[in-house]
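# Working through the structure, step by step
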Amino acid sequence: MLTFEHVNKRRGARDILTDITFHARPGRVTGFLGPNGAGKSSTLRILLGLDRPTSGQALVDGQRFASLRDPLRSIGAVLDGSGAHRSRTGRAHLRWVARSAGIGNARVEEFLELVGIADAGNKRVSTYSLGMGRRLGLAAALLADPGALVLDEPVNGLDPEGIRWIRLFLREQAQAGRTVLLSSHLMGELAETVDDVVVIVGGRIVADGTLAEVTGNHKNLEDAFFALTGDRGAR
Ligand SMILES: Nc1ncnc2c1ncn2[C@@H]1O[C@H](COP(=O)(O)OP(=O)(O)OP(=O)(O)O)[C@@H](O)[C@H]1O
């Protein structure tokens, strides 16, 4: 379970996040949706201990990231890019991540297969497409079998096949019991993937509920999103 409790973030004179409160639950995919600049990345960075809230807290299974005894086994994350050094091969990157977590190389091979990049395992990450880099990032995030998976804009820039693959993959992760939290400014691509939806606009939560609850009387999630965000959602 991922929990945000009254998280506020101020930068200089600006309130970037105001009273961010929501949960992402095990076995469900939670979409954290909002237009560019709404505060999605800032919120996720606080959860992952990469930034501090001005007040409030973000918790992974009831604990702050910094207090987790074995963070890789609690929460996996894919933020910008693959997270790998470009001159490394995909396989070498995963072996390095595995070693840091005390995991054997057999699991690296298993995960290269799982995310569908086994054939490219010996190629340098600099030669990977955007989609392959995302798959490598997912493999690294999942190597230590974490209970939660966090992804910042996982489908952004991918072709339809890549988007479809990520959607199915994330649904499988939730079915396996993981808590999946993903951010996106794209609604159409995600309506079939998410169980729960949290909408953020201007650093504030403006909707939080199941997909059906947030869609409400609108034709679809995209229409509901534009109604909630005004023209800011169109950017
Ligand atoms: N390091 C920083 N210093 C100053 N302002 C920042 C910093 N990081 C983010 N911001 C500001 O905080 C606000 C929220 O940014 P954030 O990146 O969290 O939004 P986002 O919803 O993830 O949008 P995007 O999808 O465009 O990244 C923006 O107005 C941004 O300009």
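Use the structure listed above.
For clarity, every value in this text was computed on a predicted model and none was experimentally measured.

Among the residues making up helix α8 (residues 221-229), those that are buried are L221, A224, F225 and T229. Buried residues of α8, viewed axially, fall in a sector of 120°; they line one side. Considering only its buried residues, α8 is in contact with β3 (29-33), β8 (196-201) and α7 (211-215). Residue G230 follows α8 closely and has a positive phi angle near 65°.

On to the layout of surface pockets. Estimates place the volume of the largest pocket at around 420 Å³. If you go around the largest pocket, you meet 21 residues; those closest to its centre are L72, A77, V78, A140 and A141. Those elements that place two or more of their residues in the lining of the largest pocket are α2 (71-74), β5 (75-78), α3 (90-100) and α5 (130-142). For the lining of the largest pocket, a count of residues per class yields 13 nonpolar, 7 polar and 1 charged. When its volume is computed, the second largest pocket comes out at roughly 180 Å³. Around the second largest pocket, the lining residues are I46, L47, G49, D51, R52, P53, Q57, A58, R64, F65 and A66. Mapped by element, the contributors of at least two residues to the lining of the second largest pocket are α1 (40-47) and β4 (55-60). When the residues that make up the lining of the second largest pocket are grouped by side-chain class, the tally is 6 nonpolar, 2 polar and 3 charged.

The rules we used
- Residues numbered from 1 in each chain as written.
- Predicted model: local features only at pLDDT ≥ 70, side-chain atom pairs only at ≥ 80, totals over all residues.
- Heavy atoms only, no water.
- Buried < 20%, exposed > 50% of the residue type's maximum accessible area, 1.4 Å probe, protein only.
- Helix = DSSP H or I, 4+ residues; strand = E, 2+ residues; numbered from the N terminus.
- Arc of directions from axis to C-beta.
- Contact = heavy atoms within 4.5 Å.
- 1 Å grid on protein atoms, 1.4 Å probe; cavity = no way out; pocket = protein on both sides within 12 Å on 5 of 7 lines; lining within 4 Å.
- Points joined across faces, edges and corners; volume = space filled by probe spheres on them.
- Nonpolar A, V, L, I, M, F, W, Y, C, P; charged D, E, K, R; others polar.

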